[in-house]
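Residue strings, one per chain:
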Amino acid sequence: MKKILITGITGYIGGSIAKKLLDRNYEVTGLVRNETHVQELESLGIKTIIGNIHNEDLIKTAVDGVDAVIHNADSADDAYAVDNFIKAMEGSHKTFIFTSGSAIFGGKENGKRSDFVYTEDFPLTPRLEMASRVLINNYVLQSVQKGIKSIVIVPTMVYGEGLGIKKDSIQIPALVNFSQKKGHGVYFGEDENIWSTLHIEDLAELYVLALEKAKEGSIYYAENGASSLRNIAEIISKKYNLEPAKSLSIQDAVDNFGPAGGYFGFASNSICSADKARAELEWKPIYNSIENFI
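Residues numbered from 1 in each chain as written. Predicted model: local features only at pLDDT ≥ 70, side-chain atom pairs only at ≥ 80, totals over all residues. Heavy atoms only, no water.

**Description of the overall build of the protein**
Rules: Numbering of helices and strands runs from the N terminus, with a helix taken as a DSSP run of H or I at least four residues long and a strand as a DSSP run of E at least two residues long. Each residue's exposure class comes from its accessible area (1.4 Å probe, protein chains only) as a fraction of the maximum for that residue type: buried when under 20%, exposed when over 50%, partly exposed otherwise. Should any heavy atoms of two residues lie within 4.5 Å, those residues are considered in contact.
Along the backbone of the protein there are ten helices and twelve strands. Judged by the C-alpha coordinates and their principal axes, the protein covers about 55 × 40 × 35 Å. The proportion of buried residues among the 294 residues of the protein is 54%. Pairs at least 24 apart in sequence give 79% of the contacts found in the protein among residues at least 6 apart.

This is the structure:
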């Protein structure tokens, strides 16, 4: 039985991955910040280690006791934690799966449409605001040279009910809550921007396949469908009996969701292809319509 350490296990993605692994008889340990969810996790058959991703000694001990690490906790922007794991795993030839984020594809388009579809072999030249994410991804992939089987997964807009403790995703609930406050579905700027989308169960399945089949140094973009933000806003209006969807300014998005969320989470384009994952890992996502899960 392989032993897997998961960070962010109380979160939406981490908890869903854990459930998939447990169903396949992996031994799962979660690194958690405090005791709040320990009893709940252990009742699910998950072992726990209390601590944080910035404790180098703790990370080293935790890594020594497992066969692979799946890092989700605040991972996309936290270079310090990534470096801790790389140091701890150096020379071990263990698997390290790192969770990034598809805002790296964003061009700060302020709601304008772009139809460019990113693939893993296309060299990224990210905007300044997202450059650190690409540097972190590359650092993880280059750790192959340090004797680590490193893999990066880049999820897009994830939707659906989580399989772990946290049931809700980030972007869709945030849009629903903001729309309810405003009294109408909301989109931002010129209302044409598009995001690739993916159901949480399909994403969790991708992690399991990456763990079992991926070659070291691989990066996978994860999607199965796409939607415009305006389309999502219109569905929110109908589902929650709100006024017709309206465009708000980019500043409204920034004021409510912060600059990263405003410019990149809701007003950029983030479109990619997951054909590489389908081909190399025989990944067969099932869900392809975010509209049914808003």
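Let's pick the thread back up.
**Quick notes on the packing of helix 4 (residues 79-89) against helix 5 (residues 131-142)**
This is how the line gets drawn: In this description, a line fitted to the C-alpha atoms serves as the axis of each element, helices being fitted only across the stretch in contact, and the angle between N-to-C directions of two axes falls anywhere from 0 to 180 degrees. With respect to orientation, any angle under 35 degrees is reported as roughly parallel, any angle over 145 as roughly antiparallel, any angle of 65 to 115 as roughly perpendicular, and every other angle as oblique. Lys, Arg, Asp and Glu make up the charged group, whereas Ala, Val, Leu, Ile, Met, Phe, Trp, Tyr, Cys and Pro make up the nonpolar group; the residues left over, Gly among them, are polar.
Packing of helix 4 against helix 5 leaves a shortest axis separation of 11 Å and a crossing angle of 0°. Considering their axes alone, helix 4 and helix 5 lie roughly parallel with respect to each other. Of helix 5, the residues touching helix 4 (which contributes Ala 79, Val 82, Asp 83 and Ile 86) are Ile 136, Tyr 139 and Val 140. Here the contact of helix 4 with helix 5 is composed, by residue class, of six nonpolar, no polar and one charged.

**Observations regarding helix 3 (residues 56-64)**
Since the α-helix packs 3.6 residues into each turn, any two residues three or four apart lie on the same face. Cut-off, in case you're wondering: Working note: the arc is built from the helix axis to C-beta atom directions. Here a polar contact is recorded for every N or O atom pair within 3.5 Å, except that within protein the pair must consist of a potential hydrogen donor and a potential acceptor, and residues adjacent in sequence are included only if both atoms are side-chain atoms.
Taken together, the buried positions of helix 3 are Leu 58, Ile 59, Ala 62 and Val 63. In an axial view of helix 3, the angular spread of the buried residues amounts to 130°, which keeps them on one side of the axis. Exposed positions of helix 3 whose direction lies more than 90 degrees from the buried face are Asp 57 and Thr 61. The inward-facing, buried residues of helix 3 contact strand 1 (3-7), strand 2 (27-32), strand 3 (47-50), strand 4 (68-71) and helix 4. Among the residues of helix 3, the N-terminal cap falls to Asn 55, whose side-chain oxygen and the backbone nitrogen of Asp 57 are separated by 3.2 Å.

**Some details on the pairing of strand 1**
Convention followed: In this scheme, strands are said to pair when DSSP sees at least two bridges between them.
Burial analysis of strand 1 places four of its five residues in the buried class, which makes it a mostly covered element. Pairing of strand 1 with strand 2, which is carried by five bridges, proceeds in the parallel orientation. Opposite Ile 6, over in strand 2, you have Gly 30 as the bridge partner. Both strand 1 and strand 4 contribute to a ladder of three bridges, which runs parallel. Directly across from Leu 5, in strand 4, lies its bridge partner Val 69.

**Re the packing of aromatic side chains**
Applicable threshold: Ring pairs shown here join Phe, Tyr and Trp side chains whose ring centres sit within 6.5 Å, with only the six-membered ring taken for Trp; geometry is labelled stacked below 30 degrees between planes, edge-to-face above 60, and tilted in between. For a lysine, the NZ atom is tested; for an arginine, the CZ atom; a charge sits over a ring if that atom is within 6 Å of the ring centre and within 35 degrees of the ring normal.
For the structure shown, the criterion picks out 13 aromatic pairs. An angle of 40° between the planes, with centres 4.4 Å apart, marks the rings of Phe 257 and Phe 266 as tilted. Owing to a relative accessible area of 4%, Phe 266 belongs among the buried residues under this scheme. The rings of Phe 105, Phe 116, Tyr 118, Phe 122 and Tyr 221 are connected pair by pair, giving a single aromatic cluster. Sitting over the face of the ring of Tyr 263, Lys 108 holds its NZ or CZ atom 4.3 Å from the ring centroid. For Lys 276, the ring lying beneath its charged end belongs to Tyr 220, and the centroid distance is 5.1 Å.

**Some details on the pairing of strand 9 (residues 194-199)**
Within a regular beta strand, the side chains point alternately toward one face of the sheet and then the other, so they alternate between its two faces. The buried fraction of strand 9 amounts to six of the six residues, a majority that puts the element mostly inside the structure. Of the two faces of strand 9, the one holding Ile 194, Ser 196 and Leu 198 and the one holding Trp 195, Thr 197 and His 199 are both buried throughout. Judged from the three bridges that link them, strand 7 (residues 157-159) and strand 9 form a sheet pairing that is parallel. Bridged to Tyr 159 within strand 9 is His 199. Judged from the three bridges that link them, strand 9 and strand 11 (residues 226-228) form a sheet pairing that is antiparallel.

All we've got here are geometric facts, nothing functional implied.
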